[in-house]
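# Fold and contact review
The primary structure of each chain is shown beneath.
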Amino acid sequence: MTVQLTIDGRLHSAEPRQSVLDAARSGGIEIPTLCHHPDLSVVGTCRLCVVEIDGYTRQMTACSTPVADGMVVRTESPQLSHSRRFVLEMLLARFAAAEKPGYASGERDKAESEFERWVRRYDAHRPYDVIAPRCQVDSDANPFIRVDWNKCIHCTRCVRACEEIQGRMVWHLAQRGANLEVVAGMGESMLDARCESCGACAAYCPTGALADRMSYGGGPPDRLVTTTCGYCGVGCQFDLNVKDERVIGVTSNPAAAVNGMSLCVKGRYGYDFLDHRERLTQPQVRAYLLEGRAKPATLDAESWVAVDWPTALDLVARRFVAVRQEFGGDALAVLSSAKCTNEENYLLQKFARGVLGTHNVDHCARLCHSSTVAGLAMCYGSGAMSNSMDDVAEQSAAMLIIGSNTTEQHPVFGAMIRQAVLRRGLKLVVADPRRIDITEFAALHVRQRPGTDVALLNGLMHLILQNGWHNERFIRQRCEGFDEFAASLARYTPAYVAALTGVSETQLNQAAELLATNCPMAVLWSMGITQHTTGVMNVLALGNLQMLLGNIGIAGGGVNPLRGQNNVQGACDMGALPNVFPGYQAVTDPAALAKFSVAWKTQCAGDDSARSPARTVESVSTPGLTVTEIIRAAGARKLRGLYIVGEDPAMTEPDSNHARAMLAAAELVVLQEIFPSETSVYADVLLSGAAFAEKDGTFTNTERRVQLVRQAIDPPGDAWADWRITSALAQRILELEGRRAVGPHAGWNYEHPAEIMAEVAALTPSYAGVSHERLARGERLQWPVHDANHPGTPILHVDKFTRGRGKFHVVEHLNAAELPDAEFPLLLTTGRVLYHWHGGELTRRAAGLAAIYPQTLVEVNYEDAARAGLADGDVVRVSSRRGEMIAQAAVSDRVAAGVVFGNFHFPGNANVNNLTIAAVDPVAKIPEYKVCAVRLERVETAE
Ligand code: SF4
């Protein structure tokens with residue numbers, strides 16, 4: 001039922017709940033606003049949007065007046081212009097910008113603010129050309145947001161954005177009347193008021209009172225380039241602001257599919273690494289390689305020599321060909337990169353399989369979600385997130401977040417969940433050993449001991465069955481293996497589970513009831529679940545839970561593993577894994593082998609077996625080595641050459657002292673990177689690659705959404721896009737081996753990543769309908785996309801599971817590989833922090849991020865700190881059986897007594913991976929980063 005109203009003499013239809021403003025804007029009519037923004041609640045205070053409505057004796061605010069049938073509205077008239085000019089001049093009277101608005105100003109960072117635009121449009125004037133600032137200009141030390149309350153017009157958009165978009169509530173109105181002001185917290189600095197520096201307040205501010213400090217004063221950009229964030233798997237899109245061929249800022253793009261205007265601190269302000277002085281700008285090789293000397297025992301004294309691309313590529317190609325000829329393709333391995341595009345990952349696995357002749361290709365998914373992929377494939381047939389972030393945030397009645405520090409690691413999605421709690425009463429249960437930020441929004445926080453997730457989940461399911469809260473119909477119609485599974489839960493009584501997990505019986509009952517009696521319920525997890533020797537079992541237990549409750553195939557439910565890096569989902573989809581071709585087509589499947597062998601025929605070494613002893617693709621039927629196996633095999637010289645793209649194993653492998661020793665012993669390490677890294681210390685060749693802003697392609701986010709990455713600037717110096725480097729290397733190897741690369745999917749003469757995606761689509765059923773053209777048209781595609789007309793699949797397993805029937809698995813609690821003992825009495829668990837990303841290669845080179853979080857912190861509970869004689873801020877040595885790290889102690893109750901938390905963002909003796917254990921899950925081969933035994937000692941420092 002719509003209503004009909006007349007606006008400016010023309011008939012318009014509107015929804016009954018729409019405002020006059022919305023109805024007018026839907027009809028293409030512009031009404032000026034300041035306090036109003038479509039993303040924010042309506043306050044109707046500035047009165048700039050006044051309109052005339054027949055039957056009303058006074059002018060009405062269009063933003064807060066609902067439409068009515070037969071209503072007659074005028075949006076422009078001399079009286080309205082007079083009123084609007086009056087409003088603007090009242091605001092101008094207190095707008096103490098350094099210069100008069102509307103005039104050229106050296107300090108302006110945008111072409112024109114919203115406020116300036118309306119001042120110009122209504123020819124408003126203030127009584128004085130320049131008025132003195134009322135308060136300090138640039139009054140907060142936040143490295144990202146410049147605060148100048150002299151420009152504040154009290155529209156409260158910043159206050160509402162902080163509360164309604166970010167769920168943080170940093171800003172408040174204080175005082176009354178002429179003294180009214182916006183303040184952070186209780187009048188403290190933004191960071192002290194727990195600001196997360198997401199920049200939403202500045203993005204919504206219409207005057208520049210809150211502005212982006214990093215681009216302030218730089219003048220308007222030359223162009224905006226819409227692209228996808230290069231940090232986390234949420235997949236936010238934004239506009240890179242480019243001026244003089246540099247990225248000078250990031251601004252929200254309201255049309256962004258996932259995030260709209262919302263961004264986190266890394267996405268909005270973590271771009272300055274792009275022109276950091278340490279960028280690699282041309283290929284380099286170790287001197288011994290150029291001088292024809294044998295590789296020395298250590299590379300410490302070996303200098304780097306800058307070379308041109310033909311020299312570097314020829315040298316690497318000749319070495320790889322020599323290894324293939326002497327030892328076969330399986331003596332080589334490729335580490336692909338979740339930071340790189342889909343197209344680049346596709347080429348890297350094609351290079352490994354089709355050019356080198358090996359399935360030894362893997363990437364960091366091994367270290368984060370390989371257990372998710374394996375576990376979900378076992379129970380549902382597909383290893384990906386089943387639902388979409390928006391349906392989970394908007395339609396879940398309850399949610400279990402387990403092992404995910406969502407607001408720090410997937411901040412924009414974390415903010416959406418905060419909003420779901422605040423706005424519509426989502427019942428949130430957080431299961432996490434730490435009191436992470438999202439627990440403030442939880443109806444219940446259960447604090448299980450690290451490594452006891454199976455016991456906890458089995459205990460919850462025991463109670464669900466006992467109370468008859470399970471979904472019998474769903475189980476019988478769509479699942480198998482239930483009876484044996486149900487019987488296996490018998491021993492997970494509340495008393496038994498409480499003893500194992502440390503969670504009280506009362507809390508177990510509360511959690512079970514909350515999760516089971518509010519439908520749909522979504523489960524979210526991340527590495528707190530996966531990085532265990534029981535990682536696959538943890539995932540199977542979550543799969544069991546959602547089948548038990550029938551929360552699969554419906555909006556607001558599902559299994560929702562949150563993928564870490566920007567394109568870790570895509571790198572898996574593209575087959576940068578040792579056991580699958582693109583689209584999870586198993587290398588052990590003869591049909592898949594034949595398909596790719598035929599498609600890449602000229603790349604298959606076996607096509608010319610007389611010239612090359614390397615194995616053919618047809619004959620390679622067993623999966624290759626995983627990341628951790630590759631590093632160890634290289635150290636043992638079972639592998640004779642590594643091609644590492646955008647990964648930093650010296651930093652991110654568990655037990656990194658051992659990993660470094662292995663890399664040091666390797667015969668040949670070719671590293672393709674954008675910065676020198678911990679791993680480049682062990683590299684023989686450095687190939688200078690490109691960052692996300694410097695190349696075209698696509699990323700696939702955590703919810704299987706494929707999105708365009710657009711080149712905004714050129715790579716620095718003589719750096720190349722990674723797809724171009726791999727293609728050139730492949731061509732050189734084929735040339736040296738006398739192999740011809742022709743055929744629709746066999747060649748390597750790509751001119752643009754769109755051609756590579758066309759090849760992916762032709763060979764990968766789940767990407768069959770994905771193309772750069774569709775994405776450029778704004779189509780929103782989540783795989784599977786079956787053909788060029790298919791709209792994509794926002795929810796998986798709707799009518800049936802990918803494998804047919806969902807399969808319940810019996811999973812039992814097992815202890816972690818190493819538990820605290822008398823020598824190492826504390827349990828170490830690891831993770832990341834808001835201001836850094838993974839090995840910190842990018843974020844430590846982003847000035848503002850590094851300023852806010854400049855060094856590693858180790859979280860210690862009060863009790864353990866007291867026992868070790870530690871105070872907050874003291875320097876502490878944390879030791880395990882494998883190594884030690886030195887860091888600053890952050891003493892609080894954020895971790896429970898007996899647990900210590902560290903991050904892996906800082907190198908050298910600040911890296912928590914010096915301590916972690918290389919024990920792996922037997923199926924997924926994921927290391928147990930989340931549990932090992934350590935001890936603490938205070939380090940005496942000179943004052
Ligand atoms: Fe980038 Fe993730 Fe932040 Fe979004 S939430 S801006 S994708 S880092």
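Residues numbered from 1 in each chain as written. Predicted model: local features only at pLDDT ≥ 70, side-chain atom pairs only at ≥ 80, totals over all residues. Heavy atoms only, no water.

Our next topic: the overall build of the protein. Looking only at helices and strands, the protein features 31 helices and 37 strands. By the compact-globule yardstick of 30 Å for 943 residues, the protein fits well, its C-alpha radius of gyration being 29 Å. Judged by the C-alpha coordinates and their principal axes, the protein covers about 90 × 70 × 65 Å. Carbon and sulfur atoms form 52% of the exposed surface of the protein, whose accessible area is close to 32,800 Å². Within the protein, the 105 negative side-chain charges are centred at a point lying 2 Å from the centre of the 91 positive side-chain charges. (Helix = DSSP H or I, 4+ residues; strand = E, 2+ residues; numbered from the N terminus. Rg over C-alpha atoms; globule rule 2.2 N^0.38 Å. Areas by Shrake-Rupley, 256 points an atom, 1.4 Å probe, with all protein chains shown as cover. Lys, Arg positive; Asp, Glu negative; His and termini not counted. Charge placed at Lys NZ, Arg CZ, Asp CG, Glu CD.)

Structurally, the α-helix is built with 3.6 residues per turn, so residues lying three or four positions apart point the same way. Along helix α3 (residues 114-121), the residues that are buried comprise F115, E116, W118 and V119. Axial view of α3: buried residues confined to an arc of 165 degrees, hence all on one face. Residues of α3 that are buried make contact with α2 (78-92). Of the residues one or two after α3, D123 is the one with positive phi, at around 50 degrees. (Buried < 20%, exposed > 50% of the residue type's maximum accessible area, 1.4 Å probe, protein only. Arc of directions from axis to C-beta. Contact = heavy atoms within 4.5 Å.)

Let's shift gears to the side chain of R286. Along the chain, R286 turns up in strand β13 (residues 284-286). Buried and without a salt bridge, R286 has D684 as its closest oppositely charged side chain, separated by 5.5 Å. Within the structure, R286 has its side chain in polar contact with the backbone oxygen of E302 (distance 2.8 Å). (Salt bridge = Lys/Arg side-chain N within 4 Å of Asp/Glu carboxyl O. Polar contact = N/O pair within 3.5 Å; in protein donor to acceptor, adjacent residues only side chain to side chain.)

Here the focus is the pairing of strand β34 (residues 875-879). Relative to strand β35 (residues 884-892), β34 runs antiparallel, the two sharing five bridges. Bridged to V875 within β35 is Q888. The antiparallel hairpin formed by β34 and β35 contains four residues in its connecting segment. (Pairing = 2+ DSSP bridges.)

This part is about the sheet that holds strand β17 (residues 398-402). Hydrogen bonds between backbone groups are what pair the strands of a sheet, and the pairing can be parallel or antiparallel. Strand order across the open sheet formed by five strands is β19-β18-β17-β21-β22, with parallel pairing between neighbours. The outermost strands of the open sheet, each flanked by one partner alone, are β19 (444-446) and β22 (559-561). The sheet shows a mean angle of 15 degrees between the axes of neighbouring strands, direction not considered. Sheet topology note: the strand β18 (residues 427-431)/β19 ladder contains three bridges and is parallel. Of the residues in β19, the one forming a bridge with V429 is L444. (Axes fitted to C-alpha atoms, helices over the stretch in contact; angles between N-to-C directions.)

This part is about unusual backbone geometry. If a residue is not glycine, its phi is most likely negative; likewise, a peptide bond is most likely trans. The residue after C519, namely P520, is reached through a cis peptide bond having omega 5 degrees. Along the polypeptide, P520 turns up in the loop between α19 (505-517) and β21 (521-525). Here the amide bond leading from W783 into P784 is cis, since omega sits at 0 degrees, within 30 degrees of zero. Along the polypeptide, P784 turns up in the loop between β30 (781-782) and β31 (806-807). Positive phi, close to 60 degrees, is recorded for M169, a residue that is not glycine.

Counting residues in each nonpolar core, the largest one holds 80 residues, and the members touching the most others are W171, L210, F413 and L428. Aside from chain neighbours lying at most four places away, what touches F413 is V234, M389, V392, A393, T406, L524 and L562. Among the nonpolar cores identified, the runner-up in size contains 64 residues, and W309, V645, W723 and L763 belong to it. (Core = buried A, V, L, I, M, F, W, Y, C linked by side-chain atoms within 4.5 Å.)

At a minimum axis separation of 8 Å, helix α11 (residues 370-379) and helix α21 (residues 535-548) run at an interaxial angle of 45 degrees. The pairing of α11 with α21 is recorded here as oblique in orientation. For the pair α11 and α21, the crossing hand works out as right-handed. Taken together, the residues of α21 that come into contact with α11 (itself represented by S371, T372, A374, G375, L376, M378 and C379) are G535, V536, V539, L540, G543 and M547. Of the residues that constitute the contact of α11 with α21, the class distribution is eight nonpolar, five polar and no charged. (Parallel < 35°, antiparallel > 145°, perpendicular 65-115°, else oblique. Left-handed = near helix turned anticlockwise from the far one by under 90°. Nonpolar A, V, L, I, M, F, W, Y, C, P; charged D, E, K, R; others polar.)

Looking now at the sheet that holds strand β36 (residues 899-903). Read around the closed barrel, the six strands follow the order β32-β36-β33-β35-β34-β37; overall the barrel is mixed. Across the sheet, the mean angle separating the axes of adjacent strands is 45 degrees when strand polarity is ignored. Summarising the sheet, strand β33 (residues 857-861) and β35 pair through five bridges and their orientation is parallel. Counted as the bridge partner of V858 is A889 from β35.

Attention shifts here to the site of the ligand. Close contacts around the ligand come from C229, Y231, C232, V234, G235, C236, L263, C264, G267, P411 and V412, and that covers them all. In the shell around the ligand, the residues fall into nine nonpolar, two polar and no charged. (Near = heavy atom within 4 Å.)

Under the counting rule described, the total for this entry stands at 53 salt bridges. Between D138 and R213 there is a salt bridge, and its shortest N-O distance comes to 2.9 Å. Linking D138 in the loop between α3 and β6 (145-147) with R213 in the loop between β9 (210-212) and β10 (223-228), this pair joins segments that are 75 residues apart in sequence. Here D138 falls in the partly exposed class, since its relative accessible area comes to 28%. Judged by its relative accessible area of 24%, R213 is partly exposed. Beyond isolated ion pairs, a larger network of salt bridges with shared partners links E30, E76, R84, R117 and R121.

A few words now on the packing of helix α9 (residues 342-356) against helix α27 (residues 722-736). As a packed pair, α9 and α27 sit with axes 9 Å apart at the nearest point and diverge in direction by 15 degrees. Between α9 and α27, the angle falls in the class roughly parallel. At the point where α9 passes α27, the crossing takes the left-handed sense. In this structure, α9 contributes E344, L347, L348, F351, V355 and L356 to the contact, and α27 contributes D722, W723, T726, S727, L729, A730 and I733. Residue classes in the contact of α9 with α27 are distributed as nine nonpolar, two polar and two charged.

It is worth spelling out the confidence of the model for the protein at this point. Low-pLDDT stretches of the model should not have their predicted coordinates read in fine detail. For the protein, per-residue confidence averages 92 on the pLDDT scale, and 95% of positions sit at 70 or higher. Counting interchain partners and residues more than four positions distant, the pLDDT-below-50 stretch residues 100-109 has 27 contacts. Every residue in residues 603-620 scores below 50 in pLDDT, and together they form 53 contacts with partners more than four places removed in sequence or on other chains. (pLDDT = per-residue confidence, 0-100.)

Between its first and last C-alpha, helix α8 (residues 309-327) extends 27 Å over 19 residues, near the 27 Å set by a 1.5 Å rise per residue. Within the sequence span of α8, burial applies to W309, A312, L313, D314, L315, V316, A317, F320, V321, V323 and R324. Just downstream of α8, G328 is the residue with a positive phi angle, here 95 degrees. (Expected span 1.5 Å × (residues − 1).)

Of all seven residues making up strand β11 (residues 237-243), six are buried, and the element is well covered by its neighbours. For β10 and β11, the ladder comprises six bridges, and the chain directions are antiparallel. If you follow V225 over to β11, its bridge partner there is L240. Direction of pairing for β11 relative to strand β12 (residues 246-252): antiparallel, over a ladder of six bridges. Note on β12: the bridge partner recorded for N241 is G249. The hairpin formed by β11 and β12 contains two residues between the paired strands, and D244 there has a positive phi angle of roughly 50 degrees.

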